[in-house]
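In case you want the letters, here they are:
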Amino acid sequence: MFSDKKFQAWGKQDVVLFASVMTRIKDREDDALLSAYGFRGFPSLALLDSEGEMVTKEIGRDLYSMQTVSAAVSVYHKLKPKVDAGEEVDQAAWFMARLGMGELKLEEAKKEAAGLQLNDGQKETASKQIFVMELDGLIQQLRKRSMEVDAAGDAVYAFYRQGKRLPDGASLTSFYDQMLVKGASKAKDAEAFFFSYPRVKEGMTTQLESLEKGKLQYKDNERAQEYFTRNIESTKKQIAELEIQAKAVKAKADKVDKG
Amino acid sequence: MAAPGLIAQGKSQEELKKLYDDKVQEAWYSDGGWTADFAAAKARAKKEDKLLFTYFTRSYSP
């Protein structure tokens, strides 16, 4: 993540990158920081202000979350005391700050966004963040088994057709792609299918390579061999299914073109 | 796998210093514009009106 060029560009421009390295070197003061901020393990992330005060520990591990939270934080901390004191504040800015800090639930966010006069930039940012929340909601429903995978595929396909795309660097990209491939395959929509297909295939191929590498590396461990063999087979099956879907969607699209 | 604390206990101060030096020469750190000095990081954040994006990591063990 930190070697990524986009992360490095953002880090140099928008924040000060501080690596709090625990060294176990005797009398090194900075070694005490991890526990001083209430962390127990590595790696951990936090945003601190220039006095070293904790601003938030709630930072996603993807660039988009990091950017969103840090952009919202300073506005949030500027406006919060005023709101608490009952003073008038710019409602659109206050909404954007709370949205970026992850303080709003999906329905609240949608309702507030609809009732406010947001400028074009705020509208675009808000709609992307709300979309991320919608996808997150689908994941939660899948986890709770209150939604079938097929239905999630249909929902993501509908989002795609509404023009909803994830911002660059969002961690949900692979979920979006996998669900879109399912939904678009069912709808026989080649354009939507092939939007995500290359990334899904690349992800599966990378996974297969790493499983095959693991199998070689742990060749003397019987349990590891079972694990790797089982997962290699299932990944190969997934790749084969993806290829069958790709052929079917393509055949349908060719037929429409000719017809 | 041994606990990190136990691994560190077996190392001399010289070894720990060497591990720290190695850590801050890794590409993510040296190419990324990071600092490991808290006081310097805070001073820069104040001057540039920025927040500290803080990554807690360790050098005494992998």
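Please read all numbers here as calculations on a predicted model, not as lab measurements.

A. Quick peek at the overall build of chain B. Assigned secondary structure in chain B consists of four helices and one strand. Classification of the 62 residues of chain B by burial places 26% in the buried group.

B. Highlighting helix α9 (residues 190-217) of chain A. In this model α9(A) runs 39 Å from its N-terminal to its C-terminal C-alpha over 28 residues, within 8% of the 40 Å that 1.5 Å per residue would give. A bend of about 40 degrees at Y197(A) is the largest found in α9(A), and the proline P198(A) appears one to four places after it.

C. View of the nonpolar core. In this structure, V16(A), L47(A), V156(A), L180(A), L51(B), L52(B) and F53(B) are the most contacted members of the largest nonpolar core, which totals 60 residues. Considering every element that reaches this core, the biggest residue donor is helix α3 (residues 63-84) of chain A, with seven residues. Residues in contact with L180(A), not counting those within four places in the same chain, are V156(A), Y157(A), Y160(A), A192(A), F195(A) and S196(A).

D. Structural view of the sheet that holds strand β1 (residues 52-58) of chain B. Sheet architecture is open: four strands sit in the order β1(A)-β1(B)-β2(A)-β3(A), paired in mixed fashion. The open sheet has two edge strands, β1 (16-22) and β3 (54-56) of chain A, and neither has a second partner. On average, each strand axis in the sheet is tilted by 40 degrees relative to the strand beside it, whichever way the strands run. Bridge count for strand β2 (residues 44-48) of chain A against β1(B) is five bridges, and the pairing is antiparallel. Its bridge partner lying in β1(B), L48(A) is registered against L52(B). Those strands touched by α3(A) are β2 and β3 of chain A together with β1 of chain B, and its axis lies near 120 degrees from that of β3(A). Lying on the sheet, helix α4 (residues 38-48) of chain B is in contact with β1 of chain A together with β1 of chain B; it crosses β1(A) at an angle near 165 degrees.

E. Seen up close, the pairing of β2(A). All names here are of chain A. Judged from the two bridges that link them, β2 and β3 form a sheet pairing that is antiparallel. Pairing of L48 across the sheet is with M54, part of β3. Following β2, the chain reverses through five residues before pairing antiparallel with β3; G52 in that reversal takes a positive phi of roughly 90 degrees.

F. Seen up close, the confidence of the model for chain A. Mean pLDDT over chain A works out to 90, with 99% of the residues at or above the 70 mark. Of all secondary-structure elements in chain A, the lowest mean pLDDT belongs to β3(A), at 86, while helix α7 (residues 149-161) of chain A reaches the highest, 96.

G. Up close: the interface of chain A and chain B. Counting residues at the interface gives 37 residues for chain A, matched by 33 residues for chain B. Taken together, the elements giving at least two residues each to the side of chain A that touches chain B come down to α1 (5-14), β1, α2 (33-36), β2 and α3 of chain A. Looking at the side of chain A that touches chain B element by element, the count peaks at seven residues for β1(A). Of the residues contributing to the side of chain A that touches chain B, the split by class is 20 nonpolar, 10 polar and seven charged. Here seven bridges tie β1(A) to β1(B), and the two strands are oriented parallel to one another. Paired with F18(A) across the strands is T54(B), a residue of β1(B).

Quick notes on the rules
Residues numbered from 1 in each chain as written. Chains lettered and ligands numbered in written order. Predicted model: local features only at pLDDT ≥ 70, side-chain atom pairs only at ≥ 80, totals over all residues. Helix = DSSP H or I, 4+ residues; strand = E, 2+ residues; numbered from the N terminus. Buried ≥ 20, exposed ≤ 12 C-beta atoms within 10 Å, placed from the backbone. Expected span 1.5 Å × (residues − 1). Bend = angle between axes of the 7 residues up to and from the residue. Core = buried A, V, L, I, M, F, W, Y, C linked by C-beta atoms within 7 Å. Contact = placed C-beta atoms within 7 Å. Pairing = 2+ DSSP bridges. Axes fitted to C-alpha atoms, helices over the stretch in contact; angles between N-to-C directions. pLDDT = per-residue confidence, 0-100. Nonpolar A, V, L, I, M, F, W, Y, C, P; charged D, E, K, R; others polar.

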